[in-house]
Amino acid sequence: MDFSLSGNAGTQAAALMSLYEEPLWGGPRENLIDPFGYGGYLLEVYDKASKKLIYSIGFNTLFEEWRMTEQAQKETQAWVNSVVMPYPHQPVMTVLLARNYSTDNKDTLMVLEIDPSSIFIDRSPLNNHSVTNIQIKGKPSNKVDLVFLAEGYTNAEKDKFIADAGKFTGSLFSVPPFDQCREDFNVYAVFLESEESGTDFSGKGIFKNTALNAGFYTFGTDRYLTTPDMKSIRDAVWNLSCDAVFVLVNSEVYGGGGMYNFYAIGTVDNESTAQVFVHEFGHSFAGLADEYFSSETSHNDFYNIRFEPWSPNITTLVDFDGKWKDLLPSGTPVPTPPEAPYSEGIGVFEGGGYLAKGIYRPMDHCMMRDLTPFCPVCSRSILRMVDYWSDRKIR
């Protein structure tokens, strides 16, 4: 489902752009109802006849982040987005909801009836891009299907892209807890030819003709690398099992980005490339929040501290029982002082989610703060997500 999100800092709306039938569904067949409650948006699919919920999935969008910027205080914009679902056998009602920053309720943005036999569903084939199997470990419905997409690689750089995808695969499975999950992943590399090598640096007046229109200076932040072109990403994987997307950008400059159940993106040739890749994949795959609180961001008060954030690795203590309270060592004070004997273990340390006060993180250091190893809280969240996409009972 391709749809637009339009609005500004105060309001948003959704509208259908097109429905497209892809040739296969590689996602879970048993875990069809989202068990996590993550994301700023939620798609629910109901059987029209029985009104029964038959599918749901949460996700984030770049538009959601844009609404927190100063620009959104002055302008109204529209952004293209995409979300996928299993193809229905009978007519269904789909409901698109958005989390309300002020109330934490989920507001209905769009209700759409879909008849699977409709002539208005696009069934035309799209471009067949070159696909390289990096590793195949089993049936797509029982594995996490990770797809690397090429951005800023010319045709002459195709071999470099394949090598980069292999390098990043190795990086992922060398980092705990992913090192115990290699058998749970199928990994593919999809080559998209760009006319020019590299990516945009709009803040420096540099623009390149590339396949996915990625660039630095997202929302004015020089290291924030994204693409607003979600439809091109989905179109690129139209005939491939795809549970998670990582866009490899052919650049040596430090930067990246990641949005839950949307995509992650990063450059390939910086000295910190491997760590940035895993950090951004933590966002997009497991819904992990940034735990840093002193760096420049483009967001204005991204979290409303009156409510419990949905990400599993930060808390406002509004509902800490639903987070990592069960992992705290006995006698750990809440909040936890960042000093001995607590500073090296699991606690509730103030600072996270871009705020120094009012939000707390599980450990003093973690991949989601400073590119050190994942803490036990983040690791557990990753393993639960692997279970979900592997269509087995979630630990």
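The coordinates are above.
Here the structure is a predicted model, which is why all the values come from computation and not from measurement. (Residues numbered from 1 in each chain as written. Predicted model: local features only at pLDDT ≥ 70, side-chain atom pairs only at ≥ 80, totals over all residues. Heavy atoms only, no water.)

A. Structural context of the overall build of the chain. Scanning the chain from N- to C-terminus turns up six helices and 18 strands. For the chain, the C-alpha radius of gyration of 20 Å lies close to 21 Å, the compact-globule estimate for 395 residues. Along the first, second and third principal axes, the C-alpha set of the chain runs to 65 × 55 × 50 Å. For the chain, the residues scored as buried account for 56% of the 395 residues in total. For the chain, long-range pairs separated by at least 24 residues make up 64% of all intrachain contacts whose partners lie at least 6 apart in sequence. Summed over all atoms, the accessible surface of the chain reaches about 16,700 Å², with 49% contributed by carbon and sulfur. Within the chain, one finds 32 positive and 51 negative side-chain charges whose respective centroids are separated by 5 Å. (Helix = DSSP H or I, 4+ residues; strand = E, 2+ residues; numbered from the N terminus. Rg over C-alpha atoms; globule rule 2.2 N^0.38 Å. Buried < 20%, exposed > 50% of the residue type's maximum accessible area, 1.4 Å probe, protein only. Contact = heavy atoms within 4.5 Å. Areas by Shrake-Rupley, 256 points an atom, 1.4 Å probe, with all protein chains shown as cover. Lys, Arg positive; Asp, Glu negative; His and termini not counted. Charge placed at Lys NZ, Arg CZ, Asp CG, Glu CD.)

B. Layout of the sheet that holds strand β9 (residues 130-135). Taken together, six strands build an open sheet; the order of strands is β9-β11-β10-β14-β16-β15 and the sheet is mixed. Each having just a single partner strand, β9 and β15 (256-259) make up the two edges of the open sheet. For this sheet, the mean inter-axis angle between neighbouring strands, taken without regard to orientation, is 20°. (Pairing = 2+ DSSP bridges. Axes fitted to C-alpha atoms, helices over the stretch in contact; angles between N-to-C directions.)

C. The arrangement of the environment of L43 in detail. Mapped onto the fold, L43 is located in strand β3 (residues 41-47). Residue class for L43 comes out buried when judged on its relative accessible area of 0%. Along the primary structure L43 and T108 are separated by 65 residues, whereas in three dimensions their C-alpha atoms are 10.0 Å apart. Setting aside residues up to four positions removed in sequence, L43 forms contacts with Y55, S56, I57, F59, V83, V84, M85, T94 and V95.

D. Representation of the pairing of strand β6 (residues 92-99) within the structure. Of all the eight residues making up β6, six are buried; the element is thus mostly covered by neighbouring parts of the structure. Taken together, the seven bridges between β3 and β6 define a ladder with antiparallel strand orientation. Bridging across to β6, Y41 finds its partner in A98. Where β6 hands over to strand β7 (residues 106-114), the hairpin turn is made up of six residues, of which D104 adopts a positive phi near 70°.

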